[in-house]
Amino acid sequence: QVHLVDSGGGLVQPGGSLTLSCVASVSIFSTVAMGWYRQVAGKKRELVAAITGGGTTNYTDSVKGRFTISTDNPKNTMYLQMNNLKPEDTAVYYCNAAVMRTSLPIIDEYWGKGTQVTVST
(Lines give C-alpha, C1' and ligand atoms only; values in the text may rest on other atoms or scores of the structure.)
Protein backbone atom coordinates (compact mmCIF):
# COMPACT_ATOMS: atom_id res chain seq x y z
CA GLN A 1 0.00 0.00 0.00
CA VAL A 2 1.30 3.41 -0.99
CA HIS A 3 0.18 6.61 0.70
CA LEU A 4 0.38 9.98 -1.01
CA VAL A 5 -0.06 13.31 0.74
CA ASP A 6 -0.57 16.25 -1.58
CA SER A 7 -0.55 19.87 -0.45
CA GLY A 8 0.26 23.43 -1.49
CA GLY A 9 -2.98 24.60 -3.05
CA GLY A 10 -4.59 27.92 -2.32
CA LEU A 11 -6.05 31.12 -3.71
CA VAL A 12 -3.86 33.10 -6.09
CA GLN A 13 -4.42 35.96 -8.49
CA PRO A 14 -4.06 35.49 -12.25
CA GLY A 15 -0.40 35.59 -13.19
CA GLY A 16 0.65 34.31 -9.79
CA SER A 17 2.51 31.15 -8.81
CA LEU A 18 2.01 28.14 -6.57
CA THR A 19 4.03 25.02 -5.84
CA LEU A 20 2.24 21.77 -5.10
CA SER A 21 3.95 18.97 -3.17
CA CYS A 22 3.25 15.26 -2.97
CA VAL A 23 5.01 13.16 -0.35
CA ALA A 24 5.02 9.41 -1.01
CA SER A 25 5.32 6.66 1.59
CA VAL A 26 7.69 4.74 -0.70
CA SER A 27 10.83 5.57 -2.61
CA ILE A 28 10.10 7.37 -5.86
CA PHE A 29 12.56 5.00 -7.47
CA SER A 30 10.02 2.23 -6.88
CA THR A 31 7.38 3.96 -9.00
CA VAL A 32 6.85 3.45 -12.71
CA ALA A 33 5.64 7.03 -13.00
CA MET A 34 4.11 9.81 -10.97
CA GLY A 35 1.88 12.62 -12.04
CA TRP A 36 -0.49 15.44 -11.27
CA TYR A 37 -4.11 15.39 -12.37
CA ARG A 38 -6.80 17.99 -11.93
CA GLN A 39 -10.54 17.91 -11.85
CA VAL A 40 -13.25 20.52 -12.06
CA ALA A 41 -16.67 19.65 -10.64
CA GLY A 42 -18.76 17.90 -13.26
CA LYS A 43 -15.81 17.18 -15.55
CA LYS A 44 -13.44 14.28 -16.01
CA ARG A 45 -10.14 14.20 -14.18
CA GLU A 46 -7.38 15.16 -16.61
CA LEU A 47 -3.64 14.59 -16.62
CA VAL A 48 -1.67 17.81 -16.12
CA ALA A 49 1.90 16.54 -15.96
CA ALA A 50 3.74 13.27 -15.46
CA ILE A 51 7.28 12.11 -14.80
CA THR A 52 8.65 8.60 -15.26
CA GLY A 53 11.13 6.84 -13.05
CA GLY A 54 13.76 7.69 -15.65
CA GLY A 55 12.94 11.40 -15.47
CA THR A 56 11.01 11.79 -18.71
CA THR A 57 8.32 14.44 -18.37
CA ASN A 58 5.06 15.03 -20.17
CA TYR A 59 2.64 17.97 -20.00
CA THR A 60 -0.81 18.68 -21.28
CA ASP A 61 -0.67 21.39 -23.94
CA SER A 62 -2.46 24.04 -21.88
CA VAL A 63 0.27 24.12 -19.21
CA LYS A 64 3.40 23.74 -21.34
CA GLY A 65 5.85 26.53 -20.61
CA ARG A 66 4.06 27.46 -17.37
CA PHE A 67 4.17 24.33 -15.19
CA THR A 68 7.18 22.22 -14.21
CA ILE A 69 7.04 18.77 -12.65
CA SER A 70 10.01 17.52 -10.64
CA THR A 71 11.01 15.09 -7.93
CA ASP A 72 13.28 15.15 -4.90
CA ASN A 73 14.10 11.48 -4.54
CA PRO A 74 15.78 11.55 -1.08
CA LYS A 75 12.62 13.25 0.23
CA ASN A 76 10.24 10.93 -1.69
CA THR A 77 8.55 14.09 -2.88
CA MET A 78 7.14 15.25 -6.20
CA TYR A 79 6.47 18.88 -7.01
CA LEU A 80 4.45 20.88 -9.49
CA GLN A 81 5.70 24.42 -9.93
CA MET A 82 2.89 26.46 -11.47
CA ASN A 83 3.65 29.89 -12.91
CA ASN A 84 1.53 32.44 -14.74
CA LEU A 85 -1.62 30.85 -13.41
CA LYS A 86 -4.87 31.45 -15.23
CA PRO A 87 -8.48 31.24 -14.03
CA GLU A 88 -8.94 28.11 -16.15
CA ASP A 89 -6.30 26.39 -14.00
CA THR A 90 -8.77 26.43 -11.12
CA ALA A 91 -9.41 22.83 -10.03
CA VAL A 92 -8.68 20.23 -7.40
CA TYR A 93 -5.21 18.86 -8.11
CA TYR A 94 -4.45 15.21 -7.30
CA CYS A 95 -1.13 13.45 -6.94
CA ASN A 96 -0.89 10.04 -8.62
CA ALA A 97 1.65 7.22 -8.47
CA ALA A 98 1.86 4.09 -10.61
CA VAL A 99 3.68 1.28 -8.81
CA MET A 100 4.60 -2.15 -10.15
CA ARG A 101 3.91 -5.01 -7.77
CA THR A 102 7.02 -6.88 -6.69
CA SER A 103 5.59 -10.35 -7.35
CA LEU A 104 3.35 -9.79 -10.37
CA PRO A 105 3.53 -7.72 -13.56
CA ILE A 106 0.65 -5.58 -12.39
CA ILE A 107 0.69 -1.82 -11.97
CA ASP A 108 -1.39 -0.33 -9.19
CA GLU A 109 -2.40 3.32 -9.09
CA TYR A 110 -2.57 5.38 -5.94
CA TRP A 111 -4.03 8.83 -5.33
CA GLY A 112 -3.64 11.68 -2.92
CA LYS A 113 -6.73 13.31 -1.44
CA GLY A 114 -6.35 16.41 -3.56
CA THR A 115 -5.56 20.07 -2.99
CA GLN A 116 -7.70 22.97 -4.22
CA VAL A 117 -6.17 25.57 -6.51
CA THR A 118 -8.24 28.69 -7.15
CA VAL A 119 -7.08 31.38 -9.55
CA SER A 120 -9.20 34.48 -9.18
CA THR A 121 -9.12 38.21 -8.56
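Here the structure is shown first, and the text comes after it.
A short tour of the structure in this document, coming up. All figures in this text were calculated on a predicted structure; none of them were measured in a lab.

Here we come to the overall build of the chain. Along the backbone of the chain there are 0 helices and 11 strands. Sequence-ordered secondary structure for the chain, helices as α and strands as β, is β-β-β-β-β-β-β-β-β-β-β. For the chain, the C-alpha radius of gyration of 14 Å lies close to 14 Å, the compact-globule estimate for 121 residues. For the chain, the spread of C-alpha atoms along the principal axes amounts to about 50 × 30 × 25 Å. Residues classed as buried in the chain amount to 40% of the 121 residues present. Partitioning the contacts of the chain with sequence separation of at least 6, the portion at a separation of at least 24 is 55%. Counting only carbon and sulfur atoms, one obtains 52% of the accessible surface of the chain, whose full area is about 6600 Å². Side chains of the chain carry 10 positive and 8 negative charges; the gap between the two charge centres is 2 Å.

Membership of the largest hydrophobic core comes to 29 residues, with the highest contact counts inside it found for Leu4, Met34, Trp36, Leu80, Met82 and Tyr93. Those elements that place two or more of their residues in this core are strand 3 (18-24), strand 4 (31-39), strand 5 (46-52), strand 7 (67-72), strand 8 (77-82), strand 9 (91-100) and strand 11 (115-119). Top contributing element to this core by residue count: strand 9, with 5 residues. Excluding anything up to four places from it in sequence, leucine 4 contacts Cys22, Val23, Ala24, Met34, Cys95, Asn96, Ala97, Tyr110, Trp111 and Gly112.

Cut-off values and rules
- Residues numbered from 1 in each chain as written.
- Predicted model: local features only at pLDDT ≥ 70, side-chain atom pairs only at ≥ 80, totals over all residues.
- Heavy atoms only, no water.
- Helix = DSSP H or I, 4+ residues; strand = E, 2+ residues; numbered from the N terminus.
- Rg over C-alpha atoms; globule rule 2.2 N^0.38 Å.
- Buried < 20%, exposed > 50% of the residue type's maximum accessible area, 1.4 Å probe, protein only.
- Contact = heavy atoms within 4.5 Å.
- Areas by Shrake-Rupley, 256 points an atom, 1.4 Å probe, with all protein chains shown as cover.
- Lys, Arg positive; Asp, Glu negative; His and termini not counted.
- Charge placed at Lys NZ, Arg CZ, Asp CG, Glu CD.
- Core = buried A, V, L, I, M, F, W, Y, C linked by side-chain atoms within 4.5 Å.

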